[in-house]
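Examination of the molecular architecture
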Amino acid sequence: MPVELDNTEPLAWNSPDLDEDTKEMLETLQANILHPHVREHLSVLFLHFGDGGDGRRFLRRLVPLMKSAKEHLRELRSFRMSQISGTTYVGVGISKAGYRQIGDATDLFTDNAFQAGMKRRTSTLNDPPVAEWEEPYREEIHAVILIGDATPEPVAATRATILELLPPTARILGEETGLGQRNPEGEGIEHFGYVDGRSQPLFLADQVAAEPKDNWNPFFPLRHVLVADPLAPNPNRHFGSYFVFRKLEQNVRAFRQAEEQLADRLGLTGEDRKRAGAMLVGRFRDGTPLRLYAKPGEDPSPAVNDFNYDGDPGNKCPVFAHIRKTTPRESKDGGTERTLGVMMARRGQTYGVRTDNPWDDAPPETRPTGGVGLLFMAFNSSLVRQFEFMQRAWSNNPDFPRSGTGLDPLIGQGARDVPVRYPLAWGGNELSPPLPQVPQTVTMKGGEYFFMPSLAYLNNL
Ligand code: HEM
């Protein structure tokens with residue numbers, strides 16, 4: 001039976017009834033696609049192969065360091081049952097230019113964004129011109145290697161092993177170091193201080209079973225992330241995923257100033273001032289969704305994700321809030337993100353070291369203006385219909401979901417010239433006078449599109 005990508009039930013990965021094709025798919029799919037891999041410490045290497053044959057041999061020699069989705073899921077189960085730590089994650093992605101360089105035809109890849117490469121999509125995405133990107137991203141990147149684990153030591157050791165395997169004809173164009181940030185509750189946060197990575201499409205039965213599902217169905221079929229690997233020995237059984245990488249620098253001081261200024265303009269006082277930032281993000285810093293609560297702290301950990309926006313025209317959670325722009329959740333099972341297939345699997349990690357506490361209320365002047373941000377990463381079955389659509393047609397579009405909505409306050413790129421109105425009280429009908437949109441505080445510094453092939457392909461090189 002071929003792998004069912006339009007599965008109506010989440011995948012029971014360890015069921016004895018699993019068909020042979022799906023078993024082999026799991027045994028040859030890279031880890032971190034179906035289920036996030038721990039990557040608290042993360043090294044991201046960008047490579048250029050001077051010699052295609054050397055590049056091929058190098059990629060094949062990485063396979064023994066990598067694990068399949070199946071091995072990763074087994075490790076997770078062992079960790080849950082007996083706290084046995086898993087092994088280090090090594091992920092490999094190849095760009096269109098990379099495939100060509102190692103001698104593979106690329107016409108079987110159907111995604112136009114992958115075919116073009118990120119440098120040629122700046123006008124589609126309103127990205128800064130390539131000349132303004134950081135140096136490594138301006139070059140022709142052939143491959144990306146992700147090395148991630150819970151502690152720094154195994155990442156350093158695996159990184160050293162990989163560098164030893166690197167042929168002299170290959171060059172490391174650049175490296176990013178991801179470093180997880182956590183609040184005092186131990187939840188992963190991004191640099192503006194908000195809990196992040198909470199809402200994800202879930203593909204596996206054990207993940208879906210663990211979530212309440214009264215108002216939001218977190219289950220999404222495999223079609224959202226898996227693509228038959230066209231260059232693998234058996235594309236009916238060997239799958240991969242398109243991978244987007246973007247370095248997004250965050251000006252934390254400017255964002256915190258924008259929060260304060262908005263709170264002042266709306267006349268918010270005391271604890272209610274926290275609603276200003278929450279209206280930009282859609283959740284309070286502790287992850288409490290504005291759709292459900294007027295104040296933070298009402299919500300147990302992990303943050304509630306069982307909500308949709310039906311019944312909230314925007315007077316609880318404004319329609320321009322980051323999480324509402326990027327996931328409109330009009331209903332439990334029928335939101336646009338589902339019907340259009342937009343939902344992708346986000347696997348980002350923060351970068352940069354903080355000497356202040358990103359989660360607290362210290363004044364904006366004490367916050368960094370650069371050097372910190374998000375290594376945005378996500379798995380897609382279609383870069384055009386998922387990542388690019390979300391960024392272009394939703395976050396950058398002042399008229400989504402309706403005319404005059406304004407840009408996504410966090411990641412919107414483009415003119416922020418439409419004035420916007422905020423609910424003065426949570427759930428109240430009175431709106432503020434038209435106010436300028438908050439300034440852009442996230443800057444794209446470079447990136448690339450890759451395909452994360454199946455282990456069967458890499459083994460066959
Ligand atoms: C959710 C921050 C970039 C798409 C979130 C959340 C935060 C956040 C705090 C709420 C946590 C959660 O619901 O999981 C940021 C920051 C970014 C950034 C600071 C840049 C520095 C992006 C980009 C995209 C994106 C580039 C896609 C183009 C999403 C999506 C959600 C989300 C889809 C989940 C919304 C939901 O399901 O309710 N982000 N994000 N984010 N973000 Fe971002």
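Thresholds, definitions, all that
- Residues numbered from 1 in each chain as written.
- Predicted model: local features only at pLDDT ≥ 70, side-chain atom pairs only at ≥ 80, totals over all residues.
- Heavy atoms only, no water.
- UniProt positions renumbered as here; feature names shortened; annotations may be inferred.
- Helix = DSSP H or I, 4+ residues; strand = E, 2+ residues; numbered from the N terminus.
- Expected span 1.5 Å × (residues − 1).
- Buried < 20%, exposed > 50% of the residue type's maximum accessible area, 1.4 Å probe, protein only.
- Contact = heavy atoms within 4.5 Å.
- Near = heavy atom within 4 Å.
- Polar contact = N/O pair within 3.5 Å; in protein donor to acceptor, adjacent residues only side chain to side chain.
- Nonpolar A, V, L, I, M, F, W, Y, C, P; charged D, E, K, R; others polar.
- Domains from an automatic or database assignment.
- Donors = N, O, S within 2.8 Å, 3.2 Å for Na, K, Ca; no water.
- 1 Å grid on protein atoms, 1.4 Å probe; cavity = no way out; pocket = protein on both sides within 12 Å on 5 of 7 lines; lining within 4 Å.
- Points joined across faces, edges and corners; volume = space filled by probe spheres on them.

Per an unreviewed UniProt entry, the protein chain carries the name Dyp-type peroxidase family and comes from Thermopolyspora flexuosa. Regarding the protein chain, the relevant UniProt record gives this comment under Sequence similarities (unreviewed entry): "Belongs to the DyP-type peroxidase family." Note on the protein chain: under the UniProt heading Cofactor (unreviewed entry), the record states "heme b".

This next bit is on helix H3 (residues 69-82). Over its 14 residues, H3 runs 20 Å from end to end, which matches the ideal 20 Å to within 8%, given 1.5 Å per residue. Looking only at H3, the buried set comprises Ala 69, Lys 70, His 72, Leu 73 and Glu 75. For H3, the secondary structure elements touched by its buried residues are helix H1 (20-28). Immediately beyond the C-terminal end of H3, within one or two residues, lies Gln 83, with a positive phi of roughly 60°.

Below, the discussion takes up the site of the ligand. Neighbouring residues of the ligand: 28 residues in total, closest Arg 198, Ser 199, His 322, Arg 329 and Arg 346. The contact in question runs from an oxygen atom of the ligand to an N or O atom on the side chain of Arg 283, over 3.1 Å. In this structure, a nitrogen atom belonging to the ligand sits 2.9 Å away from a side-chain N or O atom of His 322. Elements with a contribution of two residues or more to the shell around the ligand: strand E8 (239-250), helix H12 (322-326), strand E11 (373-380) and helix H14 (384-395). Classifying every residue of the shell around the ligand gives 15 nonpolar, 7 polar and 6 charged. Both of domain 1 (20-247 + 447-459) and domain 2 (252-342 + 365-375 + 400-446) provide at least three residues apiece to the shell around the ligand.

The next subject is the coordination of the iron atom of the ligand. Exactly one protein atom donates to the iron atom of the ligand; that atom is His 322 (NE2), 2.1 Å from the metal. Inspection of the secondary structure assignment puts His 322 in helix H12.

Inspection of the entire model under this criterion finds 2 cavities of 30 Å³ or more. Tallied by class, residues from the lining of the largest cavity come to 7 nonpolar, 3 polar and 2 charged. Estimates place the volume of the second largest cavity at around 30 Å³. Taken together, Leu 248, Gln 391, Ile 411, Gln 413 and Val 442 make up the full set of residues lining the second largest cavity. Looking at side-chain class alone, the lining of the second largest cavity contains 3 nonpolar, 2 polar and no charged residues.

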